[in-house]
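What follows is the residue order along each chain.
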Amino acid sequence: MSLSTPPRATPAAPGGIPAAQAAPSSLGAGHQNHHPLRLPDFLYSVNLKYLKLGYHFLVTHLLFLCLVPLMWVAAVQVSQMDYDDLYSFWLYLRCNLVSVVVCSTVVVIGSTTYFMTRPTSVNLVDYSCYRPPTHLQVLISLFLERSRLTGGFDESSLDFQRKILERSGLGEQTVFPEAMHSIPPRPSLQAAREEAEQVVFGALDKLFAATGINPKGIGILVVNCSLFDPTPSLSAMIVNRYKLRDNISSYNLSGMGCSAGVIAIGLAKDLLQVHRNTHAIVVSTENITQNWYFGNKKSMLIPNCLFRVGGAAVLLSNKPADRREAKYKLVHVVRTHRGGDDKAFREQALFLITLVAKKLLNTKKLRPYIPDFRLAFEHFCIHAGGRAVIEELEKKLQLSAEHVEASRMTLHRFGNTSSSSIWYELAYIEAKQRMRKGQRVWQIAFGSGFKCNSAVWQALRHVNPSPDSPWLDCIHSYPLHIPATTETI
(Lines give C-alpha, C1' and ligand atoms only; values in the text may rest on other atoms or scores of the structure.)
Protein backbone atom coordinates (compact mmCIF):
# COMPACT_ATOMS: atom_id res chain seq x y z
CA MET A 1 0.00 0.00 0.00
CA SER A 2 1.39 3.38 -0.98
CA LEU A 3 1.55 6.01 1.75
CA SER A 4 1.75 8.95 -0.67
CA THR A 5 -1.15 11.35 -1.01
CA PRO A 6 -3.00 11.04 -4.32
CA PRO A 7 -2.65 14.06 -6.60
CA ARG A 8 -5.33 16.68 -6.33
CA ALA A 9 -6.98 18.18 -9.37
CA THR A 10 -6.15 21.80 -10.04
CA PRO A 11 -9.29 23.93 -10.10
CA ALA A 12 -9.94 25.37 -13.51
CA ALA A 13 -10.29 29.05 -14.13
CA PRO A 14 -12.92 30.39 -16.51
CA GLY A 15 -12.16 29.23 -20.06
CA GLY A 16 -10.79 25.87 -18.93
CA ILE A 17 -7.32 27.20 -18.00
CA PRO A 18 -5.89 25.74 -14.79
CA ALA A 19 -5.87 28.26 -11.97
CA ALA A 20 -2.14 27.82 -11.47
CA GLN A 21 -1.57 29.06 -15.03
CA ALA A 22 -4.23 31.73 -14.94
CA ALA A 23 -2.91 33.32 -11.76
CA PRO A 24 -0.79 36.43 -12.20
CA SER A 25 2.94 36.11 -11.80
CA SER A 26 3.05 38.71 -9.01
CA LEU A 27 4.03 37.76 -5.48
CA GLY A 28 0.82 38.85 -3.77
CA ALA A 29 -2.80 39.68 -4.32
CA GLY A 30 -2.09 43.34 -3.85
CA HIS A 31 0.17 43.32 -6.94
CA GLN A 32 -2.20 41.75 -9.42
CA ASN A 33 -2.42 44.95 -11.49
CA HIS A 34 1.34 45.14 -11.95
CA HIS A 35 2.95 43.96 -15.20
CA PRO A 36 4.72 40.61 -14.85
CA LEU A 37 8.50 40.58 -14.79
CA ARG A 38 9.79 40.14 -18.33
CA LEU A 39 13.28 38.92 -19.06
CA PRO A 40 15.20 40.29 -22.05
CA ASP A 41 14.62 38.49 -25.32
CA PHE A 42 18.10 37.03 -25.62
CA LEU A 43 17.32 35.21 -28.87
CA TYR A 44 16.23 38.49 -30.48
CA SER A 45 19.41 40.22 -29.24
CA VAL A 46 21.61 37.47 -30.65
CA ASN A 47 19.78 37.50 -34.00
CA LEU A 48 20.04 41.30 -34.19
CA LYS A 49 23.75 41.12 -33.42
CA TYR A 50 24.40 38.70 -36.28
CA LEU A 51 22.18 40.74 -38.59
CA LYS A 52 24.34 43.81 -37.89
CA LEU A 53 27.52 41.78 -38.36
CA GLY A 54 26.21 40.50 -41.70
CA TYR A 55 25.36 44.04 -42.84
CA HIS A 56 28.80 45.27 -41.78
CA PHE A 57 30.49 42.42 -43.70
CA LEU A 58 28.38 43.09 -46.80
CA VAL A 59 29.19 46.81 -46.89
CA THR A 60 32.89 46.27 -46.19
CA HIS A 61 33.40 43.56 -48.85
CA LEU A 62 30.85 44.70 -51.44
CA LEU A 63 33.37 45.12 -54.27
CA PHE A 64 34.95 41.74 -53.61
CA LEU A 65 31.56 40.03 -53.45
CA CYS A 66 30.64 41.55 -56.83
CA LEU A 67 33.89 40.45 -58.47
CA VAL A 68 33.76 36.85 -57.29
CA PRO A 69 30.74 35.84 -59.47
CA LEU A 70 32.31 37.51 -62.52
CA MET A 71 35.60 35.68 -61.97
CA TRP A 72 33.72 32.42 -61.48
CA VAL A 73 31.79 32.86 -64.75
CA ALA A 74 35.03 33.68 -66.61
CA ALA A 75 36.74 30.62 -65.14
CA VAL A 76 33.83 28.40 -66.21
CA GLN A 77 33.94 29.78 -69.75
CA VAL A 78 37.69 29.21 -70.02
CA SER A 79 37.40 25.66 -68.69
CA GLN A 80 34.86 24.82 -71.42
CA MET A 81 37.09 25.99 -74.29
CA ASP A 82 38.69 23.26 -76.42
CA TYR A 83 41.74 23.38 -78.72
CA ASP A 84 39.80 24.82 -81.66
CA ASP A 85 38.41 27.62 -79.50
CA LEU A 86 41.87 28.52 -78.24
CA TYR A 87 43.28 28.49 -81.77
CA SER A 88 40.48 30.74 -83.00
CA PHE A 89 41.15 33.12 -80.12
CA TRP A 90 44.84 33.22 -81.05
CA LEU A 91 44.02 34.05 -84.66
CA TYR A 92 41.73 36.83 -83.47
CA LEU A 93 44.53 38.34 -81.42
CA ARG A 94 46.94 38.20 -84.39
CA CYS A 95 44.44 39.97 -86.62
CA ASN A 96 43.87 42.69 -84.01
CA LEU A 97 47.45 43.32 -82.94
CA VAL A 98 46.92 47.07 -82.49
CA SER A 99 44.03 46.53 -80.08
CA VAL A 100 46.10 44.04 -78.10
CA VAL A 101 49.04 46.45 -77.82
CA VAL A 102 46.78 49.33 -76.76
CA CYS A 103 45.00 47.22 -74.13
CA SER A 104 48.29 45.86 -72.80
CA THR A 105 49.74 49.37 -72.58
CA VAL A 106 46.70 50.63 -70.68
CA VAL A 107 46.93 47.72 -68.24
CA VAL A 108 50.67 48.23 -67.65
CA ILE A 109 50.33 52.01 -67.19
CA GLY A 110 47.31 51.60 -64.93
CA SER A 111 49.03 48.99 -62.76
CA THR A 112 52.20 51.06 -62.52
CA THR A 113 50.23 54.18 -61.59
CA TYR A 114 48.30 52.27 -58.93
CA PHE A 115 51.39 50.81 -57.27
CA MET A 116 53.26 54.12 -57.44
CA THR A 117 50.46 56.28 -56.03
CA ARG A 118 48.79 53.98 -53.51
CA PRO A 119 49.21 55.08 -49.88
CA THR A 120 52.28 53.76 -48.14
CA SER A 121 51.47 51.45 -45.25
CA VAL A 122 52.42 53.00 -41.89
CA ASN A 123 53.16 50.61 -39.04
CA LEU A 124 53.70 51.18 -35.33
CA VAL A 125 56.91 49.37 -34.45
CA ASP A 126 56.75 50.09 -30.71
CA TYR A 127 55.95 52.81 -28.20
CA SER A 128 56.93 53.73 -24.67
CA CYS A 129 55.09 55.52 -21.87
CA TYR A 130 56.92 57.49 -19.21
CA ARG A 131 56.63 55.91 -15.78
CA PRO A 132 57.10 58.60 -13.12
CA PRO A 133 59.12 57.88 -9.97
CA THR A 134 57.14 57.00 -6.86
CA HIS A 135 58.58 59.84 -4.77
CA LEU A 136 56.64 62.33 -6.93
CA GLN A 137 53.27 60.71 -6.25
CA VAL A 138 50.70 62.96 -4.60
CA LEU A 139 48.00 61.76 -2.24
CA ILE A 140 44.69 63.57 -2.32
CA SER A 141 45.15 64.60 1.30
CA LEU A 142 48.64 65.90 0.46
CA PHE A 143 47.25 67.82 -2.51
CA LEU A 144 44.72 69.58 -0.30
CA GLU A 145 47.27 70.26 2.41
CA ARG A 146 49.77 71.79 -0.02
CA SER A 147 47.02 73.85 -1.64
CA ARG A 148 46.15 75.27 1.76
CA LEU A 149 49.78 76.04 2.56
CA THR A 150 50.22 78.13 -0.58
CA GLY A 151 47.95 80.73 1.02
CA GLY A 152 46.41 81.69 -2.32
CA PHE A 153 43.10 79.81 -2.03
CA ASP A 154 40.13 80.80 0.10
CA GLU A 155 38.01 78.23 1.96
CA SER A 156 35.43 78.07 -0.82
CA SER A 157 38.08 77.22 -3.40
CA LEU A 158 39.68 74.62 -1.15
CA ASP A 159 36.32 72.96 -0.56
CA PHE A 160 35.60 73.04 -4.30
CA GLN A 161 38.90 71.30 -5.06
CA ARG A 162 38.15 68.67 -2.42
CA LYS A 163 34.82 67.85 -4.02
CA ILE A 164 36.33 67.71 -7.50
CA LEU A 165 39.01 65.29 -6.33
CA GLU A 166 36.52 63.06 -4.51
CA ARG A 167 34.41 62.57 -7.63
CA SER A 168 37.22 62.78 -10.20
CA GLY A 169 38.09 59.09 -10.36
CA LEU A 170 41.78 59.80 -9.65
CA GLY A 171 43.66 57.52 -7.28
CA GLU A 172 46.48 58.08 -4.81
CA GLN A 173 49.40 57.32 -7.17
CA THR A 174 49.18 60.16 -9.68
CA VAL A 175 52.26 62.35 -10.05
CA PHE A 176 53.09 66.04 -9.87
CA PRO A 177 56.34 67.55 -11.21
CA GLU A 178 59.21 68.19 -8.82
CA ALA A 179 58.64 71.95 -8.69
CA MET A 180 55.06 71.54 -7.43
CA HIS A 181 56.21 69.51 -4.43
CA SER A 182 58.10 72.47 -3.04
CA ILE A 183 56.57 74.75 -0.41
CA PRO A 184 55.84 77.19 -1.85
CA PRO A 185 55.77 75.82 -5.42
CA ARG A 186 58.48 77.15 -7.75
CA PRO A 187 56.95 77.43 -11.24
CA SER A 188 59.78 78.75 -13.41
CA LEU A 189 60.98 78.34 -16.98
CA GLN A 190 63.94 76.29 -15.80
CA ALA A 191 61.73 74.00 -13.70
CA ALA A 192 59.35 73.56 -16.65
CA ARG A 193 62.22 72.56 -18.92
CA GLU A 194 63.46 70.11 -16.28
CA GLU A 195 59.99 68.51 -16.20
CA ALA A 196 59.94 68.27 -19.99
CA GLU A 197 63.40 66.68 -20.10
CA GLN A 198 62.53 64.18 -17.40
CA VAL A 199 59.36 63.03 -19.17
CA VAL A 200 60.47 63.18 -22.82
CA PHE A 201 63.92 61.69 -22.33
CA GLY A 202 62.50 59.06 -20.00
CA ALA A 203 60.08 57.85 -22.66
CA LEU A 204 62.59 58.06 -25.54
CA ASP A 205 65.38 56.27 -23.67
CA LYS A 206 63.09 53.30 -23.09
CA LEU A 207 61.88 53.34 -26.70
CA PHE A 208 65.40 53.33 -28.18
CA ALA A 209 66.47 50.61 -25.75
CA ALA A 210 63.46 48.41 -26.56
CA THR A 211 63.73 48.71 -30.35
CA GLY A 212 67.51 48.89 -30.68
CA ILE A 213 67.12 51.48 -33.42
CA ASN A 214 69.93 53.92 -34.12
CA PRO A 215 68.70 57.51 -33.55
CA LYS A 216 70.58 58.49 -36.72
CA GLY A 217 68.02 56.43 -38.67
CA ILE A 218 65.13 58.69 -37.62
CA GLY A 219 64.00 60.81 -40.56
CA ILE A 220 60.92 62.50 -39.04
CA LEU A 221 60.30 63.94 -35.57
CA VAL A 222 56.97 65.34 -34.39
CA VAL A 223 56.56 66.67 -30.84
CA ASN A 224 53.32 67.97 -29.33
CA CYS A 225 53.01 69.88 -26.07
CA SER A 226 50.23 72.43 -25.79
CA LEU A 227 51.20 74.68 -22.89
CA PHE A 228 55.00 74.72 -22.87
CA ASP A 229 56.52 76.12 -26.07
CA PRO A 230 60.07 77.34 -25.34
CA THR A 231 62.71 78.54 -27.75
CA PRO A 232 64.73 76.49 -28.69
CA SER A 233 61.80 74.12 -29.09
CA LEU A 234 61.25 70.72 -27.50
CA SER A 235 61.98 69.07 -30.85
CA ALA A 236 65.34 70.89 -30.96
CA MET A 237 66.01 69.67 -27.42
CA ILE A 238 65.48 66.07 -28.58
CA VAL A 239 67.66 66.53 -31.69
CA ASN A 240 70.46 67.84 -29.50
CA ARG A 241 70.15 65.12 -26.86
CA TYR A 242 70.19 62.17 -29.27
CA LYS A 243 72.34 63.80 -31.98
CA LEU A 244 69.77 63.19 -34.70
CA ARG A 245 70.84 63.82 -38.29
CA ASP A 246 70.97 67.39 -39.51
CA ASN A 247 68.44 66.92 -42.34
CA ILE A 248 65.71 65.51 -40.11
CA SER A 249 62.16 66.79 -40.72
CA SER A 250 61.23 68.05 -37.25
CA TYR A 251 57.96 69.68 -36.13
CA ASN A 252 56.80 71.12 -32.83
CA LEU A 253 53.02 71.37 -32.26
CA SER A 254 51.66 73.59 -29.50
CA GLY A 255 48.32 74.96 -28.32
CA MET A 256 46.28 72.08 -29.77
CA GLY A 257 44.99 70.54 -26.55
CA CYS A 258 44.58 66.98 -25.40
CA SER A 259 43.82 65.66 -28.90
CA ALA A 260 47.18 66.82 -30.29
CA GLY A 261 48.63 63.32 -29.97
CA VAL A 262 46.37 62.03 -32.75
CA ILE A 263 47.09 65.17 -34.80
CA ALA A 264 50.82 64.41 -34.45
CA ILE A 265 50.22 60.84 -35.61
CA GLY A 266 48.31 62.18 -38.62
CA LEU A 267 51.13 64.59 -39.49
CA ALA A 268 53.72 61.81 -39.22
CA LYS A 269 51.57 59.57 -41.42
CA ASP A 270 51.38 62.24 -44.14
CA LEU A 271 55.14 62.83 -43.99
CA LEU A 272 55.79 59.10 -44.30
CA GLN A 273 53.87 59.15 -47.59
CA VAL A 274 56.49 61.53 -48.96
CA HIS A 275 59.67 60.32 -47.25
CA ARG A 276 59.98 56.68 -48.24
CA ASN A 277 61.86 53.96 -46.36
CA THR A 278 62.34 55.83 -43.10
CA HIS A 279 61.31 56.02 -39.44
CA ALA A 280 59.26 58.65 -37.62
CA ILE A 281 59.17 59.46 -33.91
CA VAL A 282 56.09 61.04 -32.33
CA VAL A 283 56.41 62.43 -28.78
CA SER A 284 53.26 63.46 -26.89
CA THR A 285 53.39 65.18 -23.52
CA GLU A 286 52.10 68.10 -21.48
CA ASN A 287 53.75 70.42 -18.99
CA ILE A 288 52.24 71.31 -15.63
CA THR A 289 54.95 73.31 -13.86
CA GLN A 290 54.21 76.75 -15.34
CA ASN A 291 50.48 76.25 -15.73
CA TRP A 292 49.34 75.90 -12.15
CA TYR A 293 46.51 78.26 -11.21
CA PHE A 294 46.76 80.07 -7.87
CA GLY A 295 43.51 82.06 -7.99
CA ASN A 296 39.96 81.43 -6.78
CA LYS A 297 38.02 81.24 -10.05
CA LYS A 298 36.45 77.80 -9.80
CA SER A 299 36.44 76.92 -13.49
CA MET A 300 40.21 77.55 -13.55
CA LEU A 301 40.77 75.24 -10.58
CA ILE A 302 39.56 72.09 -12.37
CA PRO A 303 42.81 71.55 -14.35
CA ASN A 304 44.73 71.73 -11.05
CA CYS A 305 42.74 68.76 -9.82
CA LEU A 306 42.82 66.57 -12.95
CA PHE A 307 46.07 67.08 -14.87
CA ARG A 308 49.14 65.04 -13.98
CA VAL A 309 52.60 64.23 -15.34
CA GLY A 310 52.84 61.85 -18.30
CA GLY A 311 54.24 61.37 -21.77
CA ALA A 312 54.70 58.84 -24.56
CA ALA A 313 57.05 58.23 -27.48
CA VAL A 314 55.91 56.30 -30.58
CA LEU A 315 58.06 54.79 -33.33
CA LEU A 316 56.42 54.61 -36.77
CA SER A 317 57.86 53.12 -39.94
CA ASN A 318 57.00 52.76 -43.63
CA LYS A 319 59.76 50.22 -44.25
CA PRO A 320 58.38 46.88 -45.51
CA ALA A 321 61.05 45.04 -43.53
CA ASP A 322 59.73 46.49 -40.25
CA ARG A 323 56.29 44.94 -40.69
CA ARG A 324 57.50 41.63 -39.23
CA GLU A 325 58.43 43.33 -35.94
CA ALA A 326 55.66 45.94 -35.85
CA LYS A 327 52.78 45.75 -33.39
CA TYR A 328 50.06 47.67 -35.25
CA LYS A 329 49.11 48.97 -38.66
CA LEU A 330 47.66 52.48 -38.89
CA VAL A 331 44.29 52.15 -40.60
CA HIS A 332 42.69 55.60 -40.27
CA VAL A 333 43.33 59.03 -38.81
CA VAL A 334 40.19 61.17 -38.71
CA ARG A 335 40.34 64.80 -37.63
CA THR A 336 36.90 66.04 -38.64
CA HIS A 337 34.22 63.67 -40.00
CA ARG A 338 33.77 60.88 -42.49
CA GLY A 339 31.40 62.74 -44.82
CA GLY A 340 33.38 61.75 -47.91
CA ASP A 341 32.81 58.05 -47.27
CA ASP A 342 29.70 56.44 -48.75
CA LYS A 343 29.39 54.16 -45.73
CA ALA A 344 29.28 57.23 -43.52
CA PHE A 345 26.39 58.62 -45.61
CA ARG A 346 24.44 55.39 -45.08
CA GLU A 347 24.93 55.77 -41.34
CA GLN A 348 23.79 59.40 -41.55
CA ALA A 349 20.72 58.39 -43.57
CA LEU A 350 19.64 55.91 -40.89
CA PHE A 351 20.14 58.56 -38.22
CA LEU A 352 18.08 61.07 -40.24
CA ILE A 353 15.25 58.57 -40.82
CA THR A 354 14.88 57.80 -37.12
CA LEU A 355 15.10 61.48 -36.22
CA VAL A 356 12.34 62.45 -38.71
CA ALA A 357 10.17 59.54 -37.60
CA LYS A 358 10.55 60.64 -33.99
CA LYS A 359 9.38 64.15 -34.87
CA LEU A 360 6.45 63.04 -37.08
CA LEU A 361 5.18 60.39 -34.69
CA ASN A 362 5.71 62.68 -31.70
CA THR A 363 7.09 59.83 -29.63
CA LYS A 364 9.96 59.66 -27.19
CA LYS A 365 10.21 55.88 -27.41
CA LEU A 366 11.96 55.95 -30.78
CA ARG A 367 15.61 56.62 -30.09
CA PRO A 368 17.92 58.20 -32.71
CA TYR A 369 19.94 55.63 -34.63
CA ILE A 370 23.47 55.29 -33.27
CA PRO A 371 25.93 53.06 -35.14
CA ASP A 372 27.06 50.02 -33.19
CA PHE A 373 30.76 50.81 -32.93
CA ARG A 374 31.36 47.50 -31.16
CA LEU A 375 31.00 45.79 -34.54
CA ALA A 376 33.91 47.79 -35.96
CA PHE A 377 36.31 47.82 -32.99
CA GLU A 378 37.28 45.33 -30.33
CA HIS A 379 39.03 47.87 -28.09
CA PHE A 380 38.50 51.53 -27.20
CA CYS A 381 41.01 54.06 -25.86
CA ILE A 382 38.92 57.07 -24.86
CA HIS A 383 40.95 60.05 -23.69
CA ALA A 384 40.99 60.02 -19.89
CA GLY A 385 39.97 63.67 -19.66
CA GLY A 386 37.81 63.10 -16.61
CA ARG A 387 35.25 60.80 -15.14
CA ALA A 388 32.31 62.61 -16.72
CA VAL A 389 33.86 62.39 -20.20
CA ILE A 390 34.34 58.63 -19.95
CA GLU A 391 30.89 57.96 -18.52
CA GLU A 392 29.13 60.10 -21.11
CA LEU A 393 30.90 58.40 -24.02
CA GLU A 394 30.19 55.00 -22.52
CA LYS A 395 26.51 55.91 -22.49
CA LYS A 396 26.31 57.62 -25.90
CA LEU A 397 28.33 55.00 -27.77
CA GLN A 398 26.49 52.17 -25.96
CA LEU A 399 29.73 50.61 -24.73
CA SER A 400 30.16 48.11 -21.95
CA ALA A 401 32.11 48.66 -18.74
CA GLU A 402 34.91 46.49 -20.15
CA HIS A 403 35.18 48.70 -23.24
CA VAL A 404 35.96 51.78 -21.10
CA GLU A 405 37.91 49.91 -18.44
CA ALA A 406 41.28 51.00 -19.85
CA SER A 407 40.22 54.67 -19.75
CA ARG A 408 38.85 54.49 -16.21
CA MET A 409 41.89 52.70 -14.83
CA THR A 410 44.29 55.06 -16.60
CA LEU A 411 42.51 58.04 -15.08
CA HIS A 412 42.73 56.39 -11.66
CA ARG A 413 46.41 55.42 -11.87
CA PHE A 414 47.94 58.31 -13.86
CA GLY A 415 45.30 61.06 -13.94
CA ASN A 416 44.67 63.19 -17.03
CA THR A 417 48.03 63.11 -18.83
CA SER A 418 46.58 65.03 -21.77
CA SER A 419 47.57 63.83 -25.25
CA SER A 420 49.53 60.83 -23.94
CA SER A 421 46.60 59.26 -22.06
CA ILE A 422 45.50 57.14 -25.04
CA TRP A 423 48.91 55.41 -25.02
CA TYR A 424 48.68 54.55 -21.32
CA GLU A 425 45.27 53.05 -22.12
CA LEU A 426 46.67 50.96 -24.97
CA ALA A 427 49.43 49.78 -22.64
CA TYR A 428 46.73 48.73 -20.14
CA ILE A 429 44.99 46.58 -22.77
CA GLU A 430 48.31 44.95 -23.62
CA ALA A 431 49.19 44.43 -19.96
CA LYS A 432 45.90 42.55 -19.56
CA GLN A 433 46.94 40.44 -22.62
CA ARG A 434 43.72 41.21 -24.46
CA MET A 435 45.17 42.33 -27.80
CA ARG A 436 44.99 39.61 -30.46
CA LYS A 437 46.11 39.55 -34.08
CA GLY A 438 43.66 41.28 -36.41
CA GLN A 439 41.80 43.13 -33.65
CA ARG A 440 41.17 46.85 -34.05
CA VAL A 441 41.52 49.60 -31.48
CA TRP A 442 39.95 53.04 -31.67
CA GLN A 443 41.81 55.92 -30.02
CA ILE A 444 39.51 58.88 -29.39
CA ALA A 445 40.88 62.19 -28.11
CA PHE A 446 39.28 65.54 -27.35
CA GLY A 447 40.91 68.94 -27.16
CA SER A 448 40.47 72.66 -27.10
CA GLY A 449 38.66 74.20 -29.96
CA PHE A 450 36.56 71.93 -29.62
CA LYS A 451 38.35 69.12 -31.48
CA CYS A 452 37.68 65.41 -31.65
CA ASN A 453 40.35 63.31 -33.35
CA SER A 454 40.50 59.58 -33.91
CA ALA A 455 43.09 56.99 -34.86
CA VAL A 456 42.34 53.38 -35.74
CA TRP A 457 45.01 50.69 -35.41
CA GLN A 458 44.93 47.00 -36.30
CA ALA A 459 47.09 44.51 -34.44
CA LEU A 460 49.55 42.69 -36.71
CA ARG A 461 50.17 40.00 -34.10
CA HIS A 462 49.28 38.95 -30.58
CA VAL A 463 50.71 41.86 -28.59
CA ASN A 464 52.35 40.96 -25.29
CA PRO A 465 52.95 43.55 -22.57
CA SER A 466 56.21 45.47 -22.81
CA PRO A 467 58.90 44.67 -20.19
CA ASP A 468 58.93 48.43 -19.43
CA SER A 469 55.16 48.84 -19.34
CA PRO A 470 53.95 51.67 -17.09
CA TRP A 471 51.54 49.11 -15.60
CA LEU A 472 54.27 46.61 -14.76
CA ASP A 473 54.16 47.08 -11.00
CA CYS A 474 50.40 47.46 -10.53
CA ILE A 475 48.44 45.66 -13.28
CA HIS A 476 47.58 42.85 -10.85
CA SER A 477 45.59 45.37 -8.79
CA TYR A 478 43.35 46.38 -11.68
CA PRO A 479 40.53 46.74 -12.53
CA LEU A 480 39.35 48.50 -9.39
CA HIS A 481 35.79 49.30 -8.46
CA ILE A 482 35.46 53.08 -8.37
CA PRO A 483 32.36 53.91 -6.32
CA ALA A 484 29.89 56.47 -7.60
CA THR A 485 29.43 59.75 -5.77
CA THR A 486 26.27 61.82 -5.58
CA GLU A 487 27.61 64.86 -3.72
CA THR A 488 26.74 68.10 -5.46
CA ILE A 489 29.54 70.53 -6.16
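Residues numbered from 1 in each chain as written. Predicted model: local features only at pLDDT ≥ 70, side-chain atom pairs only at ≥ 80, totals over all residues. Heavy atoms only, no water.

## Things to note about the overall build of the protein
Tallying secondary structure elements over the protein gives 15 helices and 11 strands in all. Buried positions account for 40% of the 489 residues belonging to the protein. Restricting to contacts in the protein with at least 6 residues of sequence separation, those with at least 24 account for 78%. (Helix = DSSP H or I, 4+ residues; strand = E, 2+ residues; numbered from the N terminus. Buried < 20%, exposed > 50% of the residue type's maximum accessible area, 1.4 Å probe, protein only. Contact = heavy atoms within 4.5 Å.)

## Focus on helix 11 (residues 298-306)
Among all positions in helix 11, only Leu301, Asn304, Cys305 and Leu306 are buried. Tucked inside the fold, the buried residues of helix 11 contact helix 6 (140-150) and helix 7 (155-166).

## Side note on the sheet that holds strand 8 (residues 328-334)
Judged by pairing direction, the sheet is mixed, and its 9 strands sit side by side in the order 5-4-6-7-3-8-11-10-9 without closing on themselves. Lying at the two open borders of the sheet, with one neighbouring strand each, are strand 5 (249-253) and strand 9 (379-382). Taken pair by pair, the neighbouring strands of this sheet meet at an average axis angle of 25°, ignoring direction. Here 6 bridges tie strand 8 to strand 11 (residues 451-459), and the two strands are oriented antiparallel to one another. Looking across to strand 11, one finds that His332 is bridged to Val456. Contacts from helix 8 (residues 189-211) reach strand 3 (123-129), strand 4 (218-224), strand 6 (279-285) and strand 7 (311-317), with the element oriented near 40° to strand 7. (Pairing = 2+ DSSP bridges. Axes fitted to C-alpha atoms, helices over the stretch in contact; angles between N-to-C directions.)

## Observations concerning the packing of helix 6 against helix 7
Orientation of helix 6 relative to helix 7, taken along the N-to-C sense of each, is 165°, at an axis distance of 11 Å. With respect to helix 7, the axis of helix 6 lies roughly antiparallel. For the crossing formed where helix 6 meets helix 7, the hand is right-handed. Listed contacts from helix 7 to Ile140, Phe143, Leu144, Ser147 and Arg148 of helix 6 are Glu155, Leu158, Gln161, Arg162 and Leu165. Of the residues belonging to the contact of helix 6 with helix 7, the class tally is 5 nonpolar, 2 polar and 3 charged. (Parallel < 35°, antiparallel > 145°, perpendicular 65-115°, else oblique. Left-handed = near helix turned anticlockwise from the far one by under 90°. Nonpolar A, V, L, I, M, F, W, Y, C, P; charged D, E, K, R; others polar.)

## Digging into helix 10 (residues 260-274)
A rise of 1.5 Å per residue sets the reference length of helix 10, with its 15 residues, at 21 Å; its end C-alpha atoms lie 22 Å apart and thus fit the reference within 8%. Taken together, the buried positions of helix 10 are occupied by Ala260, Gly261, Val262, Ile263, Ala264, Ile265, Gly266, Ala268, Leu271 and Leu272. (Expected span 1.5 Å × (residues − 1).)

## Brief notes about the packing of aromatic side chains
In total, this model carries 16 aromatic pairs according to the counting rule given. Both rings, one in Phe143 and one in Phe176, keep their centres 5.7 Å apart while their planes meet at 45°; by these two values the pair is tilted. One end of the pair, Phe143, is in helix 6; the other, Phe176, is in the loop between helix 7 and helix 8, and 33 residues separate them in sequence. With a relative accessible area of 2%, Phe143 lands in the buried category. The exposure class of Phe176 is buried, given its relative accessible area of 5%. With 5.2 Å between their ring centres and 85° between their planes, Phe176 and Trp292 make a pair best called edge-to-face. Placement of the pair is Phe176 in the loop between helix 7 and helix 8 and Trp292 in the loop between strand 6 and helix 11, with a sequence separation of 116 residues. (Phe/Tyr/Trp six-rings, centres within 6.5 Å; stacked < 30°, edge-to-face > 60°.)

## Side note on unusual backbone geometry
Of note, the bond from Thr231 into Pro232 is cis; its omega dihedral lies within 30 degrees of zero at 0°. As for its placement among the helices and strands, Pro232 is situated in the loop between strand 4 and helix 9 (234-242). Each neighbour pair has its own omega, and for Tyr478 with Pro479 the value is 5°, a cis peptide bond. Position of Pro479 among the secondary structure elements: in the segment after strand 11.

## What to know about the pairing of strand 4
Counting buried positions along strand 4 gives 7 out of 7 residues, so the element sits mostly inside the fold. By the bridge criterion, 6 bridges tie strand 4 to strand 6 in an arrangement that is parallel. What sits directly across from Val223, in strand 6, is Val283. In the sheet, strand 4 pairs with strand 5 via 5 bridges, with the strands oriented parallel. Across the sheet, Ile220 pairs through a bridge with Ser249, a residue of strand 5.

## Things to note about the side chain of Arg308
Along the polypeptide, Arg308 turns up in the loop between helix 11 and strand 7. Buried charge without a salt bridge: Arg308, with Glu172 as the nearest opposite-charge side chain at an N-O distance of 8.5 Å. One polar contact links Arg308 to Thr174, side chain to side chain, over a distance of 3.0 Å. Apart from residues lying up to four places away in sequence, Arg308 is in contact with Val138, Phe143, Leu165, Leu170, Thr174, Val175, Phe176, Ile288, Phe414, Gly415, Asn416 and Thr417. (Lys, Arg positive; Asp, Glu negative; His and termini not counted. Salt bridge = Lys/Arg side-chain N within 4 Å of Asp/Glu carboxyl O. Polar contact = N/O pair within 3.5 Å; in protein donor to acceptor, adjacent residues only side chain to side chain.)

## A closer look at the confidence of the model for the protein
On average, the protein scores 83 in pLDDT, and the residues at 70 or more come to 78%. For residues 1-46, every residue scores under 50 in pLDDT, and the model assigns this stretch 17 contacts once sequence neighbours within four places are set aside. (pLDDT = per-residue confidence, 0-100.)

## Quick word on the environment of Asn416
Relative to the assigned elements, Asn416 resides in the loop between helix 14 (405-414) and helix 15 (421-431). With 108 residues separating them along the chain, Asn416 and Arg308 place their C-alpha atoms 5.7 Å apart. Beyond its immediate sequence surroundings of up to four residues, Asn416 is in contact with Cys258, Leu306, Phe307, Arg308, His383, Ala384, Gly385 and Leu411.

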